[in-house]
Amino acid sequence: MTALRPPGTQAHRQEQLRAAYRHCAQIAARHGKSYHLATRLLTPDRRTAVHALYAAARVADDLVDEPGADPERDLADWSRAVLAELEAGWSEDPVRLALVHTYRRYGIPVEHLVDFLAAMTSDLDVTGYADLDALDRYMWGSASVIGLQVLPVLGTAPGVLREEAAPHAVALGEAFQLTNFLRDVAEDADRGRVYLPADLMAAHGVTREQLLERRHDARFAALMREMVAIVRRRYDDAAPGTPMLAPESRDCVRAATDLYGGILTEIERADYRVLDGRVSVSKPRRLAVFARRLTAAQLARVRVTMANPKSRSSTGA
C-alpha cells in the first residue's frame, strides 16, 4: 500500500488517532460488554486494535440492522470510503481511521475486509439459509474473517506460524457468531432474518411464523438443544488454537470463550426460552471470569517482558 500524507502536523495527527481509538473503545464498551471486558486482559496496543476492529464491524452491521432511508446506498458508500481510505492510509472518520491504522500496523489482508463487507451486503437481501453449509458460507464473511483479522493482533507463540492457528481462529469466530444467533433469534426474526438452518427447523417442525409470533414449545426447545450442541463443537474445534497464541493474549481469548460459552449455558438454564427475551451472562459472573483471568494475564506479560525487555507495549497510537 502507498501512504497518503495526512493533513496537519504530526502532533495533530497523533491526537486524531488517539481520539479515534478512544471513540472505538466507547463503542465496544457500549455494545459488547462481555467482549469489551475480555479485551481489558490484553496489552494496551492489542486492546486498542481489537476495539477498532470491533467498532468498524459494529458500524457496518448497524447500517444494515438499523437502516436509514437507503441502507443499500449507505453501506455501499461506507464500504467504498473505507477501502479507499485503507489504500490512502488516512480517514477523517474516527472509526475508519482507527481501522485503517490497525490494518496497516498489523498487516491484515484487505481481502478480509472485502469479504466482511460482502456478507453485510448480503444481509440486505438474504433472509434465511437452507442448511448449515449455507450458513457457514455466509459466516465466512461475517465471522470467520473476524477471527482472521484479530489473529495478527493477538500474535502467535514463538515457532507457531499464523497459518497453523488460522483454522482455530476461524472456528472461534464462527462459535461466537452462532452463539449470538441463538441468543438473538427473536430480534433477528423481527428484522426479517432467520439464522437457524431451514432444514433443521423443518425437521423439528419449527416455522418462521412461530419465531415471529415468539411461540415457545417443545419442538423449538428441541431445535435449540441441537443447535447448542452444534455450537459447542465449534468451541471444541477452536480450543487447540489458544495455546498457539502469544502468551500475553491467551487469557483474553479464554475469558471471551468462557463468557460467550456461558451464554449457551444460560440458554440451557432458561429451557431454551430465547423467544421470551434476551438471555445473558450476569454481571457478577462476567466480573468473576475477568478476575480469574486477570492474574494469569498479568503474569504472562511479566514473563514476556523479562524474556524480552524490548517487547513492552506501546500506546496503540
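Residues numbered from 1 in each chain as written. Predicted model: local features only at pLDDT ≥ 70, side-chain atom pairs only at ≥ 80, totals over all residues. Heavy atoms only, no water.

Caption draft 1: Structural detail: the pattern of salt bridges. Within the structure shown, the criterion is met by 22 salt bridges. The partner of Asp136 in a salt bridge is Arg234, with the nearest N and O atoms 3.1 Å apart. Highlighted residues: Asp136 in helix α7 (residues 132-154) and Arg234 in helix α12 (residues 218-238), separated in sequence by 98 residues. Look at Asp136 and you get partly exposed, because its relative accessible area is 22%. Residue classification places Arg234 among the buried residues on the basis of a relative accessible area of 11%. (Salt bridge = Lys/Arg side-chain N within 4 Å of Asp/Glu carboxyl O. Helix = DSSP H or I, 4+ residues; strand = E, 2+ residues; numbered from the N terminus. Buried < 20%, exposed > 50% of the residue type's maximum accessible area, 1.4 Å probe, protein only.)

Caption draft 2: Structural detail: unusual backbone geometry. Even without glycine at this site, Asp271 takes up a positive phi of about 55°. Topologically, Asp271 is positioned in the loop between α13 (247-269) and α14 (283-307). Judged by relative accessible area, Asp271 falls into the partly exposed class, the value being 40%. A positive phi angle is found at Tyr272, which is not glycine, with a value near 65°. In this structure, Tyr272 sits in the loop between α13 and α14. Of the residues examined, Tyr272 reaches a relative accessible area of 8% and is grouped as buried.

Caption draft 3: Structural view of α12. Relative to the 30 Å expected for 21 residues at 1.5 Å per residue, α12 spans 31 Å between its end C-alpha atoms, a close match to the ideal helical length. Within α12, the full set of buried residues consists of Phe220, Ala221, Leu223, Met224, Met227, Val228, Ile230, Val231, Arg234, Tyr235 and Ala238. Buried residues in α12 make contact with α7, α8 (162-183), α9 (185-190), α10 (198-203), α11 (208-213) and α13. (Expected span 1.5 Å × (residues − 1). Contact = heavy atoms within 4.5 Å.)

Caption draft 4: Inspection of the packing of aromatic side chains at higher detail. Per the counting criterion, the structure on display carries 7 aromatic pairs. Here the aromatic rings of Phe181 and Tyr195 are separated by 4.2 Å at their centres, their planes lie at 5°, and the arrangement is stacked. Taken as a pair, Phe181 in helix α8 and Tyr195 in the loop between α9 and α10 lie far apart in primary sequence, 14 residues in all. Of the two residues, Phe181 and Tyr195, neither departs from the other in class, the shared state being buried. Here the aromatic residues Tyr129, Tyr138, Phe181 and Tyr195 are joined through ring pairs into a cluster of three or more. (Phe/Tyr/Trp six-rings, centres within 6.5 Å; stacked < 30°, edge-to-face > 60°.)

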